[in-house]
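So you can see what is in the structure, the chains are spelled out below.
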Amino acid sequence: MNVLKLKAEPVENPNDKAKRETVDLGNGSDVVYIQRLIPFDQSWTWFNYLDTNIPWTRPTIRVYGKSFIQPRDTCYVATPGLTKLSYSGYQPHAYSWDDYPLLKDMLDAVQKALPGNSFNSLLLNRYKGGDDYVGWHADDEKLYGPTPQIASLSFGCERDFILKKKPCKKSCDGSDEPASKRIKKSSHGDQHTFRLRHGSLLVMRGYTQRDWIHSVPKRAKADTKRINLTFRWVF
C-alpha cells in the first residue's frame, strides 16, 4: 500500500513550501497532492471562519435501504441555476457564494493552483472527531461529467484519505462473492493512502471516479475537528 504520511507541526516551518506530488493511477487517472497550499496561519483563520459561520447540518441519509444520521456535518454552496445535488436520498439546500464571501477567496486560491480549471460548486464537510467519517464511494454522479476534477482542501486535524480500485462487477474468478468482500481483498498495489494535512490540497482527475473509490475512515486518535472543502464543476 502506498502511504503518504506527514507529521503534524505545532508551528509553521518556514522551509515548508507548496510541494506538489502526482500519483499516476493508470488508465487515464491520477491524483495531485499539494502538502501546503494555504499558509499555516491563514489556514487557521479560514478554519475558524468555517467552523463558526457555516450553517452546518447533519442530515439523515439512506444507505442500502436503511436510514442513518450522516456521520459528519455538511453544507452545500453553488452558483445559482445549476443542476440540484442529490446523494443517498438527501438533497441539500444550495447556498450562494455571496452568502459567505470568504469562500470566494478559498475558491480563488484553489483555481490559482490549478490553472485552466474552474469550479462552480462546493461541498463542505466537518468532522468533529475520529468517529466521524466518509464510507467507500465514488463521486460519479452524472452532473459532474465523465472525467470530473475534484479539488479537496483540508483544514484542522490530519486524516487519512484512502483510494482503492473499484472491484469488478462480477468476481474475476467466476465466483458469486459480493463486491463488498472483494473490496476488502484488494491488493496493496490497488490502494493509496494520503495523510491530508492542515492547508493541503488533493485533486482527483481523469477517470478516477470511474475506476476508483475513496473514503475517510474512522480514526480513534483523531480527537479534534477537521473541515474539508471539495470543489467541483457541475454541468
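Below: a short report on this structure.

1. A closer look at the pairing of strand S8 (residues 121-127)
Burial runs high along S8: seven of the seven residues are buried. By the alternation rule, side chains of S8 split into Ser121, Leu123, Asn125 and Tyr127 and Leu122, Leu124 and Arg126, which are all buried. Bridging between strand S6 (residues 73-78) and S8 involves six bridges; their strand directions are antiparallel. Note on S8: the bridge partner recorded for Asp73 is Arg126. Alignment of S8 against strand S15 (residues 226-232), held across seven bridges, turns out to be antiparallel. Directly across from Leu124, in S15, lies its bridge partner Leu229.

2. Structural notes on the packing of aromatic side chains
Counting across every chain of the model gives seven aromatic pairs. Here the aromatic rings of Phe40 and Trp44 are separated by 6.5 Å at their centres, their planes lie at 80°, and the arrangement is edge-to-face. Of this pair, Phe40 and Trp44 both sit in helix H1 (residues 40-53), four residues apart, which is roughly one turn of the helix. Measuring from centroid to centroid gives 5.3 Å for Trp44 and Phe47, while their planes differ by 75°, and the two rings are edge-to-face. With Trp44 and Phe47 both in helix H1, this residue pair falls three residues apart, about one helical turn. On the accessibility criterion, Trp44 (33% relative accessible area) is partly exposed. These aromatic residues form a ring-pair network of at least three members: Phe40, Trp44 and Phe47. Over the aromatic face of Tyr207 sits the side chain of Arg210, whose NZ or CZ is 4.0 Å from the ring centroid.

3. Focus on the nonpolar core
A general trend in soluble globular proteins is that nonpolar side chains are found buried together. Within the largest apolar cluster, 30 residues are counted, with the highest numbers of intra-cluster contacts made by Leu50, Leu103, Leu124, Leu229 and Phe231. At the level of secondary structure, the elements contributing two or more residues to this core comprise strand S3 (29-34), H1, S6, helix H2 (102-113), S8, strand S10 (150-156), strand S13 (200-206) and S15. The element that contributes the greatest number of residues to this core is H2, accounting for five residues. Setting aside chain neighbours within four positions, we find Leu50 in contact with Trp56, Leu103, Met106, Leu124, Phe155, Ile227 and Leu229. Residues Val31, Tyr33, Ile150 and Met204 belong to the second largest nonpolar core, which totals 15 residues.

4. Concerning the pattern of salt bridges
Evaluation of the coordinates by the stated rule reveals 14 salt bridges. The partner of Asp140 in a salt bridge is Lys166, and the shortest N-O contact between them spans 3.4 Å. Note that Asp140 is positioned in the loop between strand S9 (134-137) and S10 and Lys166 in the loop between strand S11 (159-165) and helix H3 (179-184), a separation of 26 residues in sequence. The class of Asp140 is partly exposed, set by a relative accessible area of 46%. Between Arg195 and Asp160 there is a salt bridge, and its shortest N-O distance comes to 3.2 Å. A residue pair is termed long-range when its members are at least 10 positions apart, and Arg195 in strand S12 (residues 191-196) and Asp160 in strand S11 qualify at 35 residues.

5. With respect to a nonpolar patch on the surface
A surface patch of nonpolar side chains, amounting to about 370 Å² of accessible area, comprises Val63, Tyr64 and Phe68. Positionally, Phe68 belongs in strand S5 (residues 66-69). Judged by its relative accessible area of 42%, Phe68 falls in the partly exposed class.

6. As for the sheet that holds S13
Ordered by their spatial adjacency, eight strands build an open sheet running S2-S3-S13-S10-S15-S8-S6-S7, and the pairing between neighbours is mixed. Looking at which strands have only one partner, the edges of the open sheet turn out to be strand S2 (20-26) and strand S7 (94-95). The strands touched by H1 are S8, S10 and S15; relative to S10, the strand with the most contacts, the crossing angle is about 95°.

Calculation criteria
- Residues numbered from 1 in each chain as written.
- Predicted model: local features only at pLDDT ≥ 70, side-chain atom pairs only at ≥ 80, totals over all residues.
- Heavy atoms only, no water.
- Buried < 20%, exposed > 50% of the residue type's maximum accessible area, 1.4 Å probe, protein only.
- Helix = DSSP H or I, 4+ residues; strand = E, 2+ residues; numbered from the N terminus.
- Pairing = 2+ DSSP bridges.
- Phe/Tyr/Trp six-rings, centres within 6.5 Å; stacked < 30°, edge-to-face > 60°.
- Lys NZ or Arg CZ within 6 Å of the ring centre and 35° of its normal.
- Core = buried A, V, L, I, M, F, W, Y, C linked by side-chain atoms within 4.5 Å.
- Contact = heavy atoms within 4.5 Å.
- Salt bridge = Lys/Arg side-chain N within 4 Å of Asp/Glu carboxyl O.
- Patch = residues over 30% accessible without salt bridge, like charges linked within 9 Å, V, L, I, M, F, W, Y side chains within 5 Å.
- Areas by Shrake-Rupley, 256 points an atom, 1.4 Å probe, with all protein chains shown as cover.
- Axes fitted to C-alpha atoms, helices over the stretch in contact; angles between N-to-C directions.

By themselves, these figures tell us nothing about what the structure is for.
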